[in-house]
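# Architecture at a glance
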Amino acid sequence: MAEGTTKEQDMTPEDASREMRELDSIIRRANEAYFRGDAPIIDDAEYDRTKRQLRDLEQRFPELKSDDSPTETVGAPPSEGFGKATHEIRMLSLDNAFGEDELREFDARVRRFLGWESDRELQYEAEPKIDGLSISLTYSDGTLQRATTRGDGARGEVVTRNALTIPDIPQTLRNSPTFMEVRGEIYMSLNDFAALNQLQADTGAKTYMNPRNAAAGSLRQLDPGVTKSRKLQFMAHGLGGISEPFGSSQMEVMECLSGMGMPTNPLAEICRDIDDMLNYFSRLEENRSTLSYDIDGVVFKVNDTSLQSRLGSSSTAPRWAISAKFPAETAWTTLREIEIQIGRTGALSPVARLDPVTVGGVVVSNATLHNEDYIAGVGSAGLPIRDGKDLRVGDWVQVYRAGDVIPKVADVDISRRGRQSSSYVFPMICPVCESPAIREETDAVRRCSGEFTCAAQRVERLKHLVSRNAFNIEGLGDKLIEQFHSEGLIKSPVDIFRLESVVGSGDNRLEARHGWGTRSASKLFDEIEARRRIGLERVIFGLGIRHVGEGVSERLARHFGSWDAFARAVDGAVEPEGDAWAELVSVEGIGATIANSLVRAFHDKRVRTAIEELVNELQVEDVETPQVAESGISGINIVFTGTLETMTRAEAKARAEALGARIAGSVSTRTDLLVQGPGSGSKARKAEELGVRVIDEAGWLELVEAGSGE
Ligand code: IVH
């Protein structure tokens, strides 16, 4: 590659030119590999050296320097990646509705929450759901300050310079508020997608699966020049944080945004009832192919913004919006093999290996088969599915794909089944650790009983721990976890936080390995280090305990506030009739199944040791209760009983939670306040016995109104 300095002294321009072309090409290939997330072709030190050599030669032979030299690349050098920023308001996702019944159920849910009759007019704003990637644009005094990807919802990557290359994204706005986060979708048109893939194919570069992947890949380029060449587009679909709210409806908000200079979707319409909604949905589905971009459904949003605030959000999605997905696309292919994968909680999950087939523009070669009953042709209620037809290896099967959901097998054509075919025998032992795989009577799933002795379960738990909504250690993906686990470097969760002490230096150091460099290794260690300080809800969720999902973890974290209080409660709950058990199941949304699962995990010696070792390495942050001045209910435990007249109980609870209160389902010694509507019984008596403060609905309204500053 590069020559020594002495030789460079007497280099002819011809030599220099040849040398520079070579260095140029190495840097470009290294950049490409990095951008695409492929294995690095050179380590960081060598990358730097190469770039330095090219820069030196460019200085000595300025006339040979190319206009687009990689030494001039604007943007951070590859190994530094993008910076991170916190969203003012979390970026949530949307719940999905498949089919008319689920859409009706959404409308009914909204009405139940608000306490509205089914015949009261409730308007929804409808717009296409663009299949792109979401972005948050921050404007101060009308000037674009920052563009941030969704990331884990709380924090995303700062891609401002790249976003600025997208002509649809205004750098300045007219008459905008002092501060505003605009949320929208970055996407690539179908024509630009086809042209890009053609170009990629012609130049031997990787082609993209679909326009969404192409848009995501194009935005995450370290060189904004590349992003610019990709012709991305943008459309706004809502707001995040804002200094002075405007518009009393979603439609008005969008019109105001458009007036400020933001592109918004001209296909948005108001629907006055469910028939309007269904009609909008079918019209859009019909016209889908005439649009210049990919859509995968319709987003319906409660139009009135004050109703939106009343409805609020669950931990993952707003209650006032739904994404109604177009029906799944289907295709027929051969089922080649049934493979059993072991999940984090030991579930034996059958996966169909298929002859690759294109389903709605995406090549599918795997599909989920759910569980053994599903293969046998039995549904979850014990009733036949597919007219009771079972699935066999070699069968001709129909695959379907709805949105970005994992493909499924819908049907089988048994007339094409060979004579020798035999029904599939579901394994009774774990294919990884050979422990018995047991199916409990009430469970559709067969599980490996090996728990911690099963390597597959261990690896899956580790993957879950580092995943986005848990510890979110980005540099430590599934492949690395598998690799480190197989080498014995990470056996238990705590080993992640000890990784640097094992492979940070010495003979076995990471940076000496193929594909690693000083910067990439220290970047990984830094990322792990940064996650030692972590929110309680992420720790609880990260433990991967069965039935303890994100929502449950958040409720537990809010209720107990600190790791110690939480661990003490679960420890104490081993007594089924005791106070600790009563408190655990008093937490809203926590029943006996979840409580049992927690108790079981905490009392399993190996699990317990693993949990304790991990927590000892961490600084678990207590849950901050929103500081709502004079709300009077921040941080207190409230129980609701009886019927309320001005709002439904669901709304009252959501409101109290938003003001920082903890909601419990039953009265215990920890209850601070009982809100009593007419028709309450045993809870009121219990509160009286325990000397808990009891207020009526009027008293409750006074409290929340003071808290909301209304
Ligand atoms: S409203 C709380 N409107 O879909 C999120 N989202 O699956 C409210 N999306 O992350 C989003 N088109 O990026 C909304 N017209 C539209 C949309 C849309 C696409 C994306 C959005 C969101 C994702 C959720």
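Residues numbered from 1 in each chain as written. Predicted model: local features only at pLDDT ≥ 70, side-chain atom pairs only at ≥ 80, totals over all residues. Heavy atoms only, no water.

### Some words on the site of the ligand
To keep it simple, the criterion reads: By convention in this text, a residue qualifies as near a molecule or strand provided that one of its non-hydrogen atoms is within 4 Å of it. Computed by Shrake-Rupley with a 1.4 Å probe, the accessible areas treat only the displayed protein chains as cover when residues are assessed. Helix numbering and strand numbering both begin at the N terminus, where a helix is a DSSP run of H or I of at least 4 residues and a strand a DSSP run of E of at least 2. Under this grouping Gly is polar, as are all residues other than the nonpolar Ala, Val, Leu, Ile, Met, Phe, Trp, Tyr, Cys and Pro and the charged Asp, Glu, Lys and Arg.
Contacts to the ligand come from 13 residues, most closely from Glu127, Pro128, Ile130, Ser134 and Glu185. Coverage of the ligand by the protein amounts to 85% of the 520 Å² it exposes when considered alone. Tallying contributions element by element places strand E3 (residues 124–130) first for the shell around the ligand, with 4 residues. Class assignment of the residues belonging to the shell around the ligand gives a composition of 6 nonpolar, 3 polar and 4 charged.

### Here's the deal with the side chain of Ser189
What counts, and what does not: Contacts were defined at the residue level, with two residues in contact if any of their heavy atoms lie within 4.5 Å.
Within the element layout of this structure, Ser189 appears in the loop between strand E7 (179–187) and helix H6 (190–202). If we skip the residues at most four places from it in the chain, Ser189 touches Gln233 and Ser292.

### Quick notes on the confidence of the model for the chain
The condition is simple: pLDDT expresses, on a scale from 0 to 100, how confident the predictor is about each individual residue.
Overall, the prediction assigns the chain a mean pLDDT of 88, with 93% of residues at 70 or greater. With pLDDT under 50 throughout, residues 1–7 is counted as low confidence; its partners more than four residues away or in other chains account for 13 contacts. Predicted confidence is poor over residues 74–80, with pLDDT under 50, and the contacts of this stretch with residues over four places away or in other chains come to 19 contacts.

### Quick word on the sheet that holds strand E21 (residues 637–641)
Heads up, the rule is: For two strands to pair, DSSP has to find at least two bridges joining them. Angles shown run from 0 to 180 degrees and are taken between the N-to-C directions of axes, each axis being a line fitted to C-alpha atoms and, for helices, limited to the stretch in contact.
Reading across from one edge, E22-E21-E23-E24 is the order of the 4 strands in this open sheet, with parallel pairing throughout. Strand pairing shows two members of the sheet lacking a second neighbour, strand E22 (662–664) and strand E24 (693–695), which therefore form its edges. For this sheet the average axis-to-axis angle between neighbouring strands, irrespective of direction, equals 30 degrees. For E21 and E22, the ladder comprises 3 bridges, and the chain directions are parallel. Note that in E22 the partner of Val639 across the bridge is Ala664. Relative to the sheet, helix H24 (residues 649–658) contacts E21 and E22, its axis offset from that of E21 by approximately 170 degrees.

### Some points on unusual backbone geometry
Note the threshold: Exposed residues in this analysis have more than 50% of their type's maximum accessible area, buried residues have under 20%, and partly exposed residues fall in between, with area computed by a 1.4 Å probe over protein chains only.
Phi at Asp141 is positive, roughly 45 degrees, even though this residue is not glycine. Along the polypeptide, Asp141 turns up in the loop between strand E4 (133–140) and strand E5 (143–149). What makes Asp141 exposed here is its relative accessible area of 60%. Despite not being glycine, His547 has its phi angle at roughly 75 degrees, a positive value. Assignment of secondary structure puts His547 in the loop between helix H18 (536–542) and helix H19 (550–560).

### Quick word on the side chain of Thr333
Along the polypeptide, Thr333 turns up in strand E12 (residues 329–342). The class of Thr333 is buried, set by a relative accessible area of 4%. The contacts of Thr333, once residues within four sequence positions are left out, are Leu354, Asp355, Val357, Asp395, Trp396, Val397 and Val399.

### What about the packing of aromatic side chains?
The line we're drawing: Two aromatic rings, drawn from Phe, Tyr or Trp (for Trp, its six-membered ring), form a pair once their centres lie within 6.5 Å of each other, and the interplanar angle then sorts them: stacked below 30 degrees, edge-to-face above 60, tilted otherwise. A ring has a charge above it when a Lys NZ or an Arg CZ is no more than 6 Å from the ring centre and no more than 35 degrees off the ring normal.
Evaluation of the coordinates by the stated rule reveals 11 aromatic pairs. For the pair Tyr187 and Tyr293, a centre-to-centre distance of 5.2 Å together with 55 degrees between the ring planes defines the contact as tilted. A residue pair is termed long-range when its members are at least 10 positions apart, and Tyr187 in strand E7 and Tyr293 in the loop between helix H10 (274–287) and strand E10 (295–302) qualify at 106 residues. Its relative accessible area of 6% is what places Tyr187 among the buried residues. An aromatic cluster is built from Phe560, Trp563, Phe566 and Phe602, whose rings are joined through pairwise contacts. It is Arg120 that lies over the ring of Trp116; its NZ or CZ is 3.7 Å from the centre. Residue placement shows Arg386 over the ring face of Tyr374; its charged tip is 4.9 Å from the ring centre.

### Let's talk about the sheet that holds E3
Spatially, E2-E11-E10-E3-E9 is the arrangement adopted by the 5 strands of the open sheet, whose pairing is mixed. Two strands bound the open sheet, and with one partner strand each, they are strand E2 (96–98) and strand E9 (269–271). Ignoring which end each strand starts from, the neighbouring axes of this sheet average 35 degrees apart. The pairing of E10 with strand E11 (residues 321–325) spans 5 bridges and is antiparallel.

### What to know about the environment of Leu307
As for its placement among the helices and strands, Leu307 is situated in helix H11 (residues 305–311). Exposure remark for Leu307: the relative accessible area of 7% places this residue in the buried category. Taking the C-alpha atoms as reference points, Leu307 and Tyr424, separated by 117 residues in sequence, lie 52 Å from one another. Sequence-distant contacts of Leu307, that is, excluding residues within four places in its chain, are made with Leu114, Trp116, Leu122 and Val302.

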